[in-house]
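# Structure assessment
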Amino acid sequence: MRIAIASDHAGFSYKEQIKVFLLERGHEVIDFGTDSTEPVDYPDIVRPAAEAVANGEFERGIVLGGSGTGEAMVANKTVGIRCALCWDLLSGRLSREHNDANMLSLGERMMPIHEALGIVDIWLSTPFEGGRHKRRVENIEKH
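What this report covers is the structure whose coordinates are included nearby. What you are looking at is a predicted structure, and each value in this text was computed from that prediction instead of being measured.

Here helix α4 (residues 89-97) crosses helix α5 (residues 113-125) at 25°, and the two axes come no closer than 8 Å. The orientation of α4 with respect to α5, classified from their angle, is roughly parallel. Viewed along their axes, α4 and α5 form a crossing whose handedness is right-handed. Along its contact with α4, which presents L89, G92, R93, S95 and R96, the element α5 presents G118, I119, I122 and W123.

Have a look at this one:
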């Protein structure tokens with residue numbers, strides 16, 4: 001799978017670890033930044049990643065920050081993006097199964113790395129259940 005990844009300074013450490021996790025599993029990962037823990041404005045980093053997912057360059061995207069809230073908000077302003085802020089395995093699974101989330105937002109300050117990696121793993125492996133939910137999402141994206 002081709003995956004866009006981005007973080008602000010507060011999510012940088014987890015971004016780097018998640019990149020390794022993804023690459024070890026055979027995914028193609030493109031990093032939209034940031035490249036350090038030096039402060040940055042997260043919209044400047046997240047928006048290009050979300051736009052790349054929305055226009056089909058990537059199948060999925062992962063964004064990270066301190067809480068992940070701002071990153072999800074920015075990503076979701078992009079037409080065609082369904083970015084889920086997840087905090088545990090269940091929210092990660094349901095965001096795919098029920099909402100067909102094409103982007104995942106995580107907060108480095110909100111969980112240990114092993115939980116973040118578990119969420120990424122289940123989020124990538126859970127299929128969308130389809131049906132009427134899919135038609136609703138497609139109709140929303142047309143507007």
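Time to look at the state of the cysteines. Inspection of the entire model under this criterion finds zero disulfides. Here C83 stays free of any disulfide, with the sulfur of C86 as its closest cysteine sulfur at 8.2 Å. A residue is classified by how much of its surface remains accessible, and C83, at 9% relative accessible area, is buried. Its relative accessible area of 2% is what places C86 among the buried residues.

Quick notes on the rules
Residues numbered from 1 in each chain as written. Predicted model: local features only at pLDDT ≥ 70, side-chain atom pairs only at ≥ 80, totals over all residues. Heavy atoms only, no water. Axes fitted to C-alpha atoms, helices over the stretch in contact; angles between N-to-C directions. Helix = DSSP H or I, 4+ residues; strand = E, 2+ residues; numbered from the N terminus. Parallel < 35°, antiparallel > 145°, perpendicular 65-115°, else oblique. Left-handed = near helix turned anticlockwise from the far one by under 90°. Contact = heavy atoms within 4.5 Å. Disulfide = S-S within 2.5 Å. Buried < 20%, exposed > 50% of the residue type's maximum accessible area, 1.4 Å probe, protein only.

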